[in-house]
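A structural walkthrough
Each chain, written out:
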Amino acid sequence: MNAQDSLFEYLLRLGDNALILGHRLSEWCGHSPALEEDLALSNVALDLIGQTQLWLNLAGEVEGKGRDADKLAYLRDARDFRNVLLVEQPNGDFAVTMARQFYFDAWHYLLLRELTGSKDSRIAEIAAKSLKEVTYHLERSQEWVLRLGDGTEESHRRMQTAIDDLWMYTGELFESDEIDRAMVQEGLGPDLATLHEPWLGLVRSTAEEATLSLPQPGWAQKGGKRGIHSEHLGYILADLQFLQRAYPNATW
Amino acid sequence: MTDKKEWPLWEVFIRSQHGLAHRHVGSLHAPDAEMAIMNARDVYTRRNEGVSIWVVKASDIAASSPGEKGPLFDPANSKVYRHPTFYEIPEELGHM
């Protein structure tokens, strides 16, 4: 795989994470437990969709085959998506959504912080813009983990279950393959393994304060980054892509 | 009827870009002050409306009673001399 292909793949990963999580969050629109929360989750979803546009447009530019963000988002099949498995997991109850968000936000924040120092100024610029948004996402999801964990008996039970159930999807966040290594070598992106300690520190201290216990490190589900997804992604794409597939090039 | 589990109501005050004082913009529900500020950010500053947010628990606001309107405010009606409109401003000062 040449440098251009690696960069394209890497940008797809960044864009697809934002796209799929943004889509998941948008599913809460009109269904949140409170009006205020509905707006807040939709804001986060829109932030992520905005980031998707930046990453995928850049990916298309790097690929040089005339595909833009829309083409990449709407006209690829599940096997060609590069998001981590964590972000495609179903919303579940509010605790599951917030646990998923917190795990991801903490990692996303650390990753973007490193990417602001990327040698590729286009990557650094997108990262800097996204980092501001994600700093707030993290603050918000962390507050919810604290409140639900250290809330009522019922909210604690649900948050603990969510923290446990999603744990096996966090390992993939720190796994490097040849694409990640190529990015490190070119000075374009960080060594993902170096994000693990700070991530764990943040997650651990939050869990402690929230009176939650973290699962033991164990077997990790992975594959999303290489296009091996859970069954959930197909349903997401059916929803997301239906219009463009059924009515190609339809616009507002 | 108020459900015991309902989040408390908060009044939201935003200071706009242009300095000036915090202005009441509306209210929202939140479990505590920190979340109230976050919710206010998401509900009331989505379009770049503000640079500072205050939230106050609605129940902590002491308000004048509408029934007292007469005794409270009517007496001021007849006291035009309280408006600074009786001073002669020298020409050379121009517009004040």
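Scroll up for the structure.
Residue positions within a chain follow its written sequence, with the count starting from 1. For this description, chains carry letters from A and ligands carry numbers from 1, given in the order in which they are written. The model is predicted, so local features are restricted to residues of pLDDT at least 70 and side-chain atom pairs to those at 80 or more, both for listing and for counting; the totals for chains, interfaces and linings are taken over all residues. The basis for every side-chain value is the complete set of heavy atoms in the structure, and neither hydrogens nor water enter the calculation.

Here's the deal with the nonpolar core
- What makes a nonpolar core is a set of buried Ala, Val, Leu, Ile, Met, Phe, Trp, Tyr and Cys residues whose side-chain atoms join them at distances within 4.5 Å. Under the scheme applied here, a residue whose accessible area is under 20% of the maximum for its type counts as buried, over 50% as exposed, and between as partly exposed, the area being computed with a 1.4 Å probe on protein chains only. With 89 residues, the main nonpolar core has L11, W107, L115, M159 and W199 of chain A as its most contacted residues.
- A contact between two residues is defined here by any heavy atoms of the two lying within 4.5 Å. Residues in contact with L11 of chain A, not counting those within four places in the same chain, are W55, L56, L58, A59, V62 and I123 of chain A.

A few points about the sheet that holds strand 1 (residues 9–15) of chain B
Residues and elements named next belong to chain B.
- Strand pairing is assigned whenever DSSP identifies at least 2 bridges connecting the two strands. Working definition: helices are DSSP H or I runs of at least four residues, strands are E runs of at least two. Numbering for both runs from the N terminus. One open sheet holds the three strands; their spatial order is 2-1-3, and the pairing between them is antiparallel. Across the chains shown, the open sheet's two edge strands, defined by having one partner strand only, are strand 2 (23–29) and strand 3 (52–57). Direction aside, the axes of adjacent strands within the sheet are offset by 30 degrees on average.
- The pairing of strand 1 with strand 3 spans six bridges and is antiparallel. What sits directly across from F13, in strand 3, is W54.
- Each of strand 1, strand 2 and strand 3 touches helix 1 (residues 33–44); the most contacted strand, strand 2, lies at about 115 degrees to it. Between the N-to-C directions of two axes lies an angle of 0 to 180 degrees, each axis being a line fitted to C-alpha atoms and, for a helix, fitted only over the stretch in contact.

Topic: the layout of surface pockets
- Whether a set of points on the 1 Å grid over the protein atoms alone is a cavity depends on a 1.4 Å probe fitting there but being unable to get out, while an open set qualifies as a pocket with protein on both sides within 12 Å along at least five of seven lines; lining residues are those with an atom within 4 Å of a point. Grid points are joined across faces, edges and corners, and a volume is the space filled by probe spheres set on the points. The calculated volume of the largest pocket comes to roughly 930 Å³.
- Lining the largest pocket are 29 residues, with D70, Y74, L240, Q244 and W252 of chain A positioned closest to its centre.
- At the level of secondary structure, the elements contributing two or more residues to the lining of the largest pocket comprise helix 1 (3–26), helix 2 (35–63), helix 3 (69–74) and helix 10 (232–246) of chain A.
- Here the lining of the largest pocket gets eight residues from one element, more than from any other, and that element is helix 2 of chain A.
- A per-class count over the lining of the largest pocket returns 16 nonpolar, nine polar and four charged.
- Quantified by volume, the second largest pocket comes out at close to 740 Å³.
- In terms of lining, the second largest pocket is formed by 20 residues, of which the most central are W144, L148 and S155 of chain A together with K5 and W7 of chain B.
- Elements that contribute at least two residues to the lining of the second largest pocket include exactly helix 5 (94–115), helix 6 (121–149) and helix 7 (153–166) of chain A. As a working rule, the residues Ala, Val, Leu, Ile, Met, Phe, Trp, Tyr, Cys and Pro are called nonpolar, Asp, Glu, Lys and Arg charged, and the rest polar, with Gly in that last group.

Observations concerning the interface of chain A and chain B
- The interface of chain A with chain B comprises 13 residues on the first partner and 13 residues on the second.
- Accessible area that two parts lose when put together, with a 1.4 Å probe and added across both, is what the buried area reports. Taken over both partners, the interface formed by chain A and chain B buries close to 1,300 Å², and the fraction arising from carbon and sulfur atoms is 57%.
- Three residues, E36, Y136 and R147 of chain A, lead the burial of chain A against chain B; their summed loss comes to 43% of the area buried on that side.
- In the sections that follow, a salt bridge refers to a side-chain nitrogen of Lys or Arg positioned within 4 Å of a carboxyl oxygen of Asp or Glu. In this structure, the salt-bridge partner of D32 of chain B is R147 of chain A, at a minimum N-O distance of 2.6 Å.
- Residues adjacent in sequence count toward polar contacts only when both atoms are side-chain atoms; beyond that, a polar contact is any pair of N or O atoms within 3.5 Å, and within protein one must be able to donate a hydrogen and the other to accept it. Remark: the boundary between chain A and chain B carries nine residue pairs in polar contact (both at pLDDT 80 or more).
- Among the secondary structure elements, those contributing two or more residues to the side of chain A that touches chain B are helix 2 and helix 6 of chain A.
- In terms of residue class, the side of chain A that touches chain B is made up of six nonpolar, one polar and six charged.

Observations regarding the packing of helix 6 of chain A against helix 1 of chain B
- Direction vectors running N to C along helix 6 of chain A and helix 1 of chain B enclose 140 degrees, while the axes themselves pass 11 Å from each other. Judged by the inter-axis angle, helix 6 of chain A sits oblique to helix 1 of chain B. For helix 6 of chain A against helix 1 of chain B, the interelement crossing comes out left-handed. Taken together, the residues of helix 1 of chain B that come into contact with helix 6 of chain A (itself represented by Y136, E139, R140, E143, W144 and R147 of chain A) are E34, M35, M38, N39, R41 and D42 of chain B.
- Its residues placed into classes, the contact of helix 6 of chain A with helix 1 of chain B shows four nonpolar, one polar and seven charged. An angle counts as roughly parallel when it lies under 35 degrees, as roughly antiparallel when it exceeds 145, as roughly perpendicular when it falls between 65 and 115, and as oblique in every other case. Two helices that cross are described as forming a left-handed crossing if the nearer one is turned anticlockwise from the farther one by less than a right angle, and a right-handed crossing if clockwise.

Here's the deal with the side chain of D38 of chain A
- Structurally, D38 of chain A can be placed in helix 2.
- The positive count covers Lys and Arg only, the negative count covers Asp and Glu only, and His and the chain ends enter neither. Buried and without a salt bridge, D38 of chain A has R46 of chain B as its closest oppositely charged side chain, separated by 9.5 Å.
- A distance of 3.2 Å separates the side chain of D38 of chain A from the backbone nitrogen of H31 of chain A, its partner in a polar contact.
- Other than its neighbours up to four places away in sequence, D38 of chain A contacts W28, C29, G30, H31 and S32 of chain A.

Regarding the packing of aromatic side chains
- Between rings of Phe, Tyr and Trp, where Trp is taken as its six-membered ring, a pair exists when centres lie within 6.5 Å; planes separated by under 30 degrees are stacked, by over 60 edge-to-face, and by other angles tilted. Within the structure shown, the criterion is met by eight aromatic pairs over all chains.
- Counting every residue linked through ring pairs, the aromatic cluster contains W28, F94 and W144 of chain A together with W7 of chain B.
- Over a ring means this: the NZ of a Lys or the CZ of an Arg is within 6 Å of the ring centre and within 35 degrees of the ring normal. Taking NZ or CZ as reference, R76 of chain A lies 4.2 Å from the ring centre of F81 of chain A, over its face.
- Across from the ring centre of Y136 of chain A, 3.6 Å away, lies the NZ or CZ of R41 of chain B, which sits over that ring.

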